[in-house]
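Observations on the model geometry
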Amino acid sequence: MDYIYVTLGLLGLYFGAEWLVSGAVATARRIGISPLVASLVIVGFGTSLPELLVSVRAALSGAPGIALGNVVGSNIANILLIVGTAAVIFPISGWDRSVRRDAATMVASAVFLFFLVQYDVIDRIAGLALLALLALYLLRTYLWARKTGAALDDDVDVETDAMPVWKMALLIIAGLIVLLFGAEFLIRGATELAVHFGVSDAVIGLTVVALGTSLPELATAVVAATRRHSDVAIGNVTGSCIFNTLCILGATAVIAPLPVSAGFATLDVPVMLAASVFFAAMLFVAPKFHRATGVVMLVAYAGYIWALV
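Remember, it's a predicted structure, so these values are computed and weren't measured experimentally.

**A look at the overall build of the chain**
Assigned secondary structure in the chain consists of eleven helices and four strands. Looking at the 309 residues of the chain, the share that counts as buried comes to 50%. Long-range contacts, defined here as pairs at least 24 residues apart, represent 88% of the contacts in the chain between residues at least 6 apart. Just so you have it, the chain exposes about 13,500 Å², and 69% of that area is on carbon and sulfur atoms.

Okay, here's the thing in structure tokens:
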């Protein structure tokens, strides 16, 4: 039953997020909300809902290792696994150079998290600080987008004119319900598996749960790469890492302070920080992510997983 719970949870998170984002963006466009606002708020927060619900549910159920591991593991998977996979399928090049600004924010947030895990607990004050940094990031992004006239992401495909109102409402309601049940099933199955195999909930959070909540980004990267538009993965990964650290971890710590096990300070967050610095450096100085680079990233991810288990 634990394997069934995990499988149902992963499927629920994937489809729930897809339905919610599609319905919310379509509704925003239909009622005249700025595409800019829809892109920044609805899409950004919507695609982070799996991580948010799983982390909050884990913290409240007495499994803080899963909550913190979910964020750290998702960021590591986003960079090494997802970008690496996309680059192996088709080399990534031609990305918008303005993403460097977001890459710098991603590294800065990783450095801040590295500082936080040196202490025994990420408390509510730290959570509020993370949320304050998120607000500043969103404000800066909004002002830049308004100045440059940026529109809704092209990879968010919603046929608003053809979608009736009832379908929009159904997608939003169904997405929320499926997300909630998916988070519940995933945490229930993951915690029981951790007990069964005698590993910590942190390891389960860093592996099974992190991979599960990163499924939307992985699916997007693979589809984009097969269509030879794998540069789409760059923006998705950068934004996801920022939201995971500032929004998901910040909100979770405010709701329930997170104890920090020693492994996060000595292995997991340093690996996340190193991956973030490498990814940002590539965006600043490299013309493309070659297949060889993708292979190196996948090998590095496999090595990290091997070190965990």
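**Points about the nonpolar core**
In terms of nonpolar packing, the biggest core is built from 77 residues, with Val72, Ile79, Ile122, Phe264, Phe279 and Phe289 touching the most fellow members. Counting residues per element, this core draws most heavily on helix H3 (residues 64-89), which supplies 14 residues. In contact with Ile122, other than residues within four places in its own chain, are Leu68, Leu113, Leu116, Val117, Leu249, Ala253, Pro257, Leu258 and Val260.

**Some points on a nonpolar patch on the surface**
A contiguous nonpolar surface patch, about 310 Å² in accessible area, is contributed by Met1, Ile4 and Leu8. Within the fold, Met1 resides in the segment before helix H1 (2-30). Given the relative accessible area of 61%, Met1 is considered exposed.

**What about the confidence of the model for the chain?**
For the chain, the average pLDDT comes to 80, and 80% of its residues sit at 70 or higher. With pLDDT under 50 throughout, residues 151-160 is counted as low confidence; its partners more than four residues away or in other chains account for 20 contacts.

**Here's the deal with the pattern of salt bridges**
Under the definition given, this model contains one salt bridge. A salt bridge links Asp102 to Arg140; the nearest nitrogen and oxygen atoms lie 3.5 Å apart. On the criterion of sequence distance, the pair formed by Asp102 in helix H4 (residues 99-116) and Arg140 in helix H5 (residues 124-148) is long-range, its members being 38 residues apart. By relative accessible area, Asp102 is classed as buried at 17%.

**Examining the environment of Pro164**
Along the chain, Pro164 turns up in the loop between H5 and helix H6 (165-197). Once the C-alpha coordinates of Pro164 and Ala26 are considered, the two residues, 138 residues apart in sequence, prove to be 9.5 Å apart.

**As for the packing of helix H7 (residues 201-213) against helix H11 (residues 291-308)**
For the pair H7 and H11, interaxial distance at closest approach is 10 Å and the crossing angle is 140°. By the angle class used here, H7 and H11 are oblique. H11 is crossed by H7, and the crossing has left-handed handedness. Residues Val203, Leu206, Thr207 and Leu211 of H7 lie in contact with H11, whose contacting residues are Tyr301, Tyr304, Ile305 and Leu308. Its residues assigned to classes, the contact of H7 with H11 shows seven nonpolar, one polar and no charged.

**A short note on H7**
An ideal rise of 1.5 Å per residue puts 18 Å on 13 residues; H7 reaches only 16 Å between its terminal C-alpha atoms. For H7, the principal kink sits at Thr207 and spans about 25°. With ten of its 13 residues buried, H7 lies for the most part within the structure. Listed in full, the buried residues belonging to H7 are Ala202, Val203, Ile204, Gly205, Leu206, Thr207, Val209, Ala210, Gly212 and Thr213.

**A look at the packing of aromatic side chains**
Enumeration over the complete set of coordinates arrives at two aromatic pairs. Centroid distance Phe115 to Tyr119: 5.5 Å. Interplanar angle 70°. Geometry classified as edge-to-face. The partly exposed category is assigned to Tyr119, whose relative accessible area is 48%. With centroids separated by 5.9 Å and ring planes inclined at 40°, the aromatic side chains of Phe279 and Phe289 adopt a geometry described as tilted. On the criterion of sequence distance, the pair formed by Phe279 in helix H10 (residues 262-285) and Phe289 in strand S4 (residues 288-289) is long-range, its members being ten residues apart. Per residue, the accessibility class of Phe279 equals that of Phe289, and both read buried.

**Considering the environment of Pro270**
Considering the arrangement of structural elements, one finds Pro270 in helix H10. In this view, Pro270 contacts Phe114, Phe264 and Ala265; residues no more than four positions away in its chain are not counted.

**Things to note about the side chain of Thr207**
Residue position: Thr207 is located in helix H7. On the basis of relative accessible area, Thr207 is assigned to the buried category, the value being 11%. In this structure the side chain of Thr207 is engaged in a polar contact, spanning 2.7 Å, whose partner is the backbone oxygen of Val203. If near-sequence neighbours (up to four positions away) are discounted, Thr207 is found in contact with Ile305 and Leu308.

Definitions and limits used
- Residues numbered from 1 in each chain as written.
- Predicted model: local features only at pLDDT ≥ 70, side-chain atom pairs only at ≥ 80, totals over all residues.
- Heavy atoms only, no water.
- Helix = DSSP H or I, 4+ residues; strand = E, 2+ residues; numbered from the N terminus.
- Buried < 20%, exposed > 50% of the residue type's maximum accessible area, 1.4 Å probe, protein only.
- Contact = heavy atoms within 4.5 Å.
- Areas by Shrake-Rupley, 256 points an atom, 1.4 Å probe, with all protein chains shown as cover.
- Core = buried A, V, L, I, M, F, W, Y, C linked by side-chain atoms within 4.5 Å.
- Patch = residues over 30% accessible without salt bridge, like charges linked within 9 Å, V, L, I, M, F, W, Y side chains within 5 Å.
- Salt bridge = Lys/Arg side-chain N within 4 Å of Asp/Glu carboxyl O.
- pLDDT = per-residue confidence, 0-100.
- Axes fitted to C-alpha atoms, helices over the stretch in contact; angles between N-to-C directions.
- Parallel < 35°, antiparallel > 145°, perpendicular 65-115°, else oblique.
- Left-handed = near helix turned anticlockwise from the far one by under 90°.
- Nonpolar A, V, L, I, M, F, W, Y, C, P; charged D, E, K, R; others polar.
- Expected span 1.5 Å × (residues − 1).
- Bend = angle between axes of the 7 residues up to and from the residue.
- Phe/Tyr/Trp six-rings, centres within 6.5 Å; stacked < 30°, edge-to-face > 60°.
- Polar contact = N/O pair within 3.5 Å; in protein donor to acceptor, adjacent residues only side chain to side chain.

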